[in-house]
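Summary of structural features
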Amino acid sequence: MSRQKELPARSAVPTELKWDLTLLYPDDQAMKDQLEQTVSQAHQLHQLAGHLGDDGETLLKALQMSKSIGEALEREYVYAFLRRDSDTTDAQATELYGVAEQKATEIETALSFMDPEIVKLDQAELDRWLKNVAGLDEFKFALHQIRLQRGHVLTVDEEQLLSRLSRSLDSADTIYNTLNDADLHFGKIKDENGDTVELTHGNRSQFTESTDREVRKAAVLAYQKPYHDLRNTFAATLNSYIDSRNSIATLRHYKSARQASLSANQIDEQVYDTLVATVNQHLDLAHRWYRIKKKALKLEPFYQYDIGVPLAGKDLLRTTFAEGKQMVMDAMQVMGPDYIDGLKKEFDNRWIDAAENRGKRSGGYQIGVYQANPYILLNWTDKLYSTFVLAHESGHAMHSWFSQHHQPSEYADAPIFLAEVASTFNENILTEYLLNKYRDNRKLQVFILEQSINGFIGSIYRQTQFAEFEDTAYREQQKGRTLTADYLDQISHQLVEKYYGPNVKLVGTDTQSWAYVPHFYMNYYVYQYATSWAIATTLSERVWTKQPGALDRYLDFLSAGGSADPITILKRAGVDVTNGQYLNDSLKVLQKRLDQIEGLLNL
């Protein structure tokens, strides 16, 4: 998959580079037919409304029916979701996704009576049912999680109303993704050879890392331009999304949307504040990195568009998709036969959609299907970065795969706080593998170390910067401020300036630095990239150095899914996130990497 002047249509992408959705359904109609059956089952379950407190057998029946409906709906919804993301310009796929959204809302509304009724159950009576009703004990932790929301679950009528409104309340996310992936165009620029090439989400790094300063400048400014041109639309969309989250938090009697988001996963808000405070205490490490690059590249001034230039040269260790899969497979041998068997299934059975095509969703992600298998979206570029993305998303996939094989479906999804640990763990393992493989090659050592340092910068520093931005935006909107483009530019500029430090001269518009972030439409998600990178650094070092019991504890972590609260699961794996020491330990590794690369560069 080499650089292309224009993106191909979806139909022109080779089959082996596209995911196999027939593993879910043979065609769209088969999915629609099954979805109708799931809707019917949801209405059957709704007939138990008002009776969950009658006896333990009725409660068990409702929970089992809900579980079955959830498994089926996941499969149906993910099928439509992947069809749409394959090509957001495909009207048939977009319509199918709309049907899935509509039916999911209908199902959610039909089942909305359950949480309020479960919350109202008498604890002593529930304890007796758990002890005496065979099969109910499976749902003990799930019931505990629901009952933790006492005071935040509304009446049955209010829950039904919120369910009916969910599509409207979530519409900003859909609008943003359509705008960003289907309607946004960055125009064409000239590459190093003077050829005119279309700039896209997927290929922009090829140009921003160019050794030709004019090429990377043109790429950065061209990428910024449509975000600036549509800055008021992006601001209105983000304002609408944040307003909906703040409104729901208020309706559910939370102090803030942040409290609502974190408490749902039993995460103390102090974890968020500790992250921001600790990273701010260590901004000197990020500033040091930019100082190293500025000095090594001999650039004065050192512009924002100079940051991506690789110190060891351009495009070392380029890998095709096939080569990238083999590199990840080789690196992960340390994980043992069960893990390798899961990876082999992923690589050999088209669980991955690799090639970029016109209309395809940008970036990369993994999504699991309990009744089938995980799916991964990539936009491959043959750069080593893409291999790291493959390792990252494969970490997610193996987390899903292991938990699906060790947990019932209600516990198969790991809490969001844990979701990025398994992915960044794989990135760290890949780094250690490459540093060891090329330990006698100074140039490649520099190249690989830079990849690792960029991981720390991108995951800990950039995501904490985003977390500060997001929290400020939520707080201000909650106070009654409209999040205009000018205001969002203002707070983003202050943060970008703080995190980049004195060695980087900013260029262009401030809008792109916040408008291009799709995770702002995931309600307090970004901070977890930073915490997860720090946690994964500790766990991966233990596994790579073969510390006794480390691999078994990590595989148990993958297998645990959401069967306990995230703090408990991490403690079993050997990491305590109730204090900031894990962050300090992780940043010590960054400091070591900076020392290593500075020594190799003789600076």
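Residues numbered from 1 in each chain as written. Predicted model: local features only at pLDDT ≥ 70, side-chain atom pairs only at ≥ 80, totals over all residues. Heavy atoms only, no water.

Within the secondary structure layout, D27 lies in the segment before α1 (28–46). When the C-alpha atoms of D27 and Y79 are compared, they prove to be 9.7 Å apart, with 52 residues separating the residues in sequence. Looking at D27, its side chain comes within polar contact range of the main-chain nitrogen of Q29, at 3.2 Å. (Helix = DSSP H or I, 4+ residues; strand = E, 2+ residues; numbered from the N terminus. Polar contact = N/O pair within 3.5 Å; in protein donor to acceptor, adjacent residues only side chain to side chain.)

For any two helices packed against each other, one specifies the inter-axial angle together with the distance between the axes. The geometry of helix α20 (residues 442–478) relative to helix α23 (residues 527–544) is characterised by a closest axis approach of 6 Å and an angle of 145° between their N-to-C directions. The crossing of α20 and α23 is left-handed. Between α20 and α23, the contacting residues are S452, G455, F456, S459, I460, Q463, T464 and A467 on the first element and Y527, Y529, A530, W533 and T537 on the second. Residues belonging to the contact of α20 with α23 are distributed by class as follows: 7 nonpolar, 6 polar and no charged. (Axes fitted to C-alpha atoms, helices over the stretch in contact; angles between N-to-C directions. Left-handed = near helix turned anticlockwise from the far one by under 90°. Contact = heavy atoms within 4.5 Å. Nonpolar A, V, L, I, M, F, W, Y, C, P; charged D, E, K, R; others polar.)

Turning next to the packing of aromatic side chains. This structure, assessed with the given rule, holds 30 aromatic pairs. For the pair Y77 and F81, a centre-to-centre distance of 6.5 Å together with 20° between the ring planes defines the contact as stacked. Residue Y77 and its partner F81 are both found in helix α2 (residues 56–86); the two are separated by 4 residues, about one turn of the helix. Y77 sits in the partly exposed class, given a relative accessible area of 24%. On the basis of relative accessible area, F81 is assigned to the buried category, the value being 13%. Ring geometry for Y272 versus Y524: centroids 5.7 Å apart, planes at 70°, classification edge-to-face. Pair noted here: Y272 is in helix α13 (residues 269–281) and Y524 is in the loop between α22 (512–515) and α23, with a separation of 252 residues, a long-range link. Overall, Y272 belongs to the buried group, its relative accessible area being 1%. Here the guanidinium or amino end of R75 rests over the ring plane of Y25, the centre of that ring lying 5.6 Å away. Here the guanidinium or amino end of R204 rests over the ring plane of Y223, the centre of that ring lying 4.1 Å away. (Phe/Tyr/Trp six-rings, centres within 6.5 Å; stacked < 30°, edge-to-face > 60°. Buried < 20%, exposed > 50% of the residue type's maximum accessible area, 1.4 Å probe, protein only. Lys NZ or Arg CZ within 6 Å of the ring centre and 35° of its normal.)

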